[in-house]
Amino acid sequence: MKRILVTGAGGQIGVELVPYLRSRYGAENVLATARKPLSGPVGEGGPFALLDVRDGNAFAALAQSFGADSILHLAGVLSAKGESDPRASWDINVVGSTTALEVARECGAAFFFPSSIAAFGPSTPSKNTPQDTIQRPTTIYGVAKVTLELLCDYYHRKFGLDTRGLRFPGLISYEALPGGGTTDYAVHIYYDAVRKGRYTSFIAAGTYMDMMYMPDALAAVVQLMEADPSKLVHRNAFNISAMSFDPEEIAGSIRKFLPGFILDYNVDPLRQSIAESWPDSLDCTAAREEWGFAPEYDLDRMTEDMLARVREKEGLPPA
Ligand code: VAH
């Protein structure tokens with residue numbers, strides 16, 4: 001990767017991936033794009049352009065004029081929000097993504113697509129979910145993820161396009177709050193722990209989902225995109241995860257640092273049903289063997305860092 005165009009640069013992943021890429025490849029070599037103007041490091045720390053990924057002509061002109069050799073396509077609508085307006089979710093998540101894929105083909109740019117554990121469904125083996133298995137998701141978000149996984153593999157076979165993807169688990173970060181996701185509880189719990197010493201979870205006890213701290217997600221994107229293509233048996237998209245926990249276990253980890261922390265529940269039927277349709281834990285063997293995936297954060301190390309970072313963001317002294 002030398003000239004990188006990032007879409008959806010204002011989202012939970014984008015606000016951290018863009019600075020991370022600029023620090024590795026040079027600020028001038030990473031063009032951040034979003035539908036709205038962005039302030040801060042993403043909008044002001046290097047090249048930025050407004051872009052609606054569904055506008056193919058504008059997208060192609062931007063990619064050509066920037067000389068993009070890689071397109072990291074993050075623009076999308078998350079799982080729970082997608083259920084409130086499936087047509088709009090499809091428009092961004094499939095029409096937008098197929099436009100991005102076509103622009104990559106026209107430019108001969110490598111293409112990164114963020115798939116998700118949402119690409120699996122209730123009939124998928126839920127424990128140690130294989131890399132290659134049944135994918136019958138029950139959300140419009142998941143259907144879109146499977147569609148793009150298949151399309152990215154097709155573009156690689158048919159046109160020789162260098163497409164690569166990751167099935168992200170729930171991502172936990174402190175820079176930007178996620179919006180409209182099912183795993184968002186695992187981010188909000190840290191903010192409420194610092195602010196209130198308690199959290200009311202919309203996901204029920206005993207509901208396990210794969211999760212990962214954002215630093216490991218950023219490293220995985222670059223590791224995959226820089227991997228030797230001759231070693232890739234799979235491409236779209238690799239299972240990756242660092243941990244699997246339920247609300248009780250993340251609360252237990254928080255109590256190691258905030259002993260009085262209280263967790264209670266007000267389960268959201270929609271997001272609970274989505275969470276129950278996803279795997280409990282993934283098999284990440286393919287990612288390890290084909291490009292050396294090796295996350296560094298486990299639950300307690302993530303908790304310690306998240307609580308410290310959130311305290312700092314809230315203007316509180318270290319605990
Ligand atoms: C969501 N955070 O909850 C996203 C992600 C695996 C979950 O796809 O929709």
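Residues numbered from 1 in each chain as written. Predicted model: local features only at pLDDT ≥ 70, side-chain atom pairs only at ≥ 80, totals over all residues. Heavy atoms only, no water.

1. Some details on the environment of A49
Reasoning step 1: Turning to its location among the elements, A49 is positioned in strand β3 (residues 48-50).
Reasoning step 2: Judged by its relative accessible area of 13%, A49 falls in the buried class.
Reasoning step 3: Linking A49 and R35, residues 14 residues apart in sequence, is a C-alpha distance of 8.7 Å.
Reasoning step 4: In contact with A49, not counting residues within four places along its chain, are L31, A32, T33, A34 and L62. (Helix = DSSP H or I, 4+ residues; strand = E, 2+ residues; numbered from the N terminus. Buried < 20%, exposed > 50% of the residue type's maximum accessible area, 1.4 Å probe, protein only. Contact = heavy atoms within 4.5 Å.)

2. A look at the sheet that holds strand β11 (residues 243-245)
Reasoning step 1: Here we have three strands laid out as an open sheet, ordered β7-β9-β11, and mixed in their pairing. Each edge of the open sheet is held by one strand with a lone partner, namely β7 (170-172) and β11. Here the average twist between neighbouring strands, direction ignored, is 40 degrees.
Reasoning step 2: Here β7 runs beside strand β9 (residues 209-213); their pairing, made up of three bridges, is parallel. Counterpart to G170 in the pairing with β9 is M211. (Pairing = 2+ DSSP bridges. Axes fitted to C-alpha atoms, helices over the stretch in contact; angles between N-to-C directions.)

3. A word on the site of the ligand
Reasoning step 1: Neighbouring the ligand are L78, S79, S116, I117, Y141, F168, P169, G170, G181, T182, T183 and W278.
Reasoning step 2: In this structure, an oxygen atom belonging to the ligand sits 2.7 Å away from a main-chain N or O atom of T182.
Reasoning step 3: When the ligand is considered free in solution it has 280 Å² of accessible area, and contact with the protein chains removes 95% of it.
Reasoning step 4: Both domain 1 (4-170 + 213-239) and domain 2 (173-210 + 243-278 + 296-313) contribute no fewer than three residues apiece to the shell around the ligand. (Near = heavy atom within 4 Å. Polar contact = N/O pair within 3.5 Å; in protein donor to acceptor, adjacent residues only side chain to side chain. Areas by Shrake-Rupley, 256 points an atom, 1.4 Å probe, with all protein chains shown as cover. Domains from an automatic or database assignment.)

4. A closer look at the domain arrangement of the protein chain
Reasoning step 1: According to the domain assignment, the protein chain contains domain 1 (4-170 + 213-239) and domain 2 (173-210 + 243-278 + 296-313).
Reasoning step 2: Counting from both sides, the interface comprises 22 residues of domain 1 and, opposite them, 24 residues of domain 2.
Reasoning step 3: When domain 1 packs against domain 2, close to 1,900 Å² is buried across both sides, 65% of that on carbon and sulfur atoms.
Reasoning step 4: Of all residues in domain 1, Q12, I117 and Y213 bury the most surface against domain 2, accounting for 36% of the area lost on that side.
Reasoning step 5: Seen at the junction of domain 1 and domain 2, the total is zero salt bridges.
Reasoning step 6: Viewed at the interface, domain 2 and domain 1 are joined by eight residue pairs in polar contact (both at pLDDT 80 or more). (Buried area = accessible area lost by both parts, 1.4 Å probe. Salt bridge = Lys/Arg side-chain N within 4 Å of Asp/Glu carboxyl O.)

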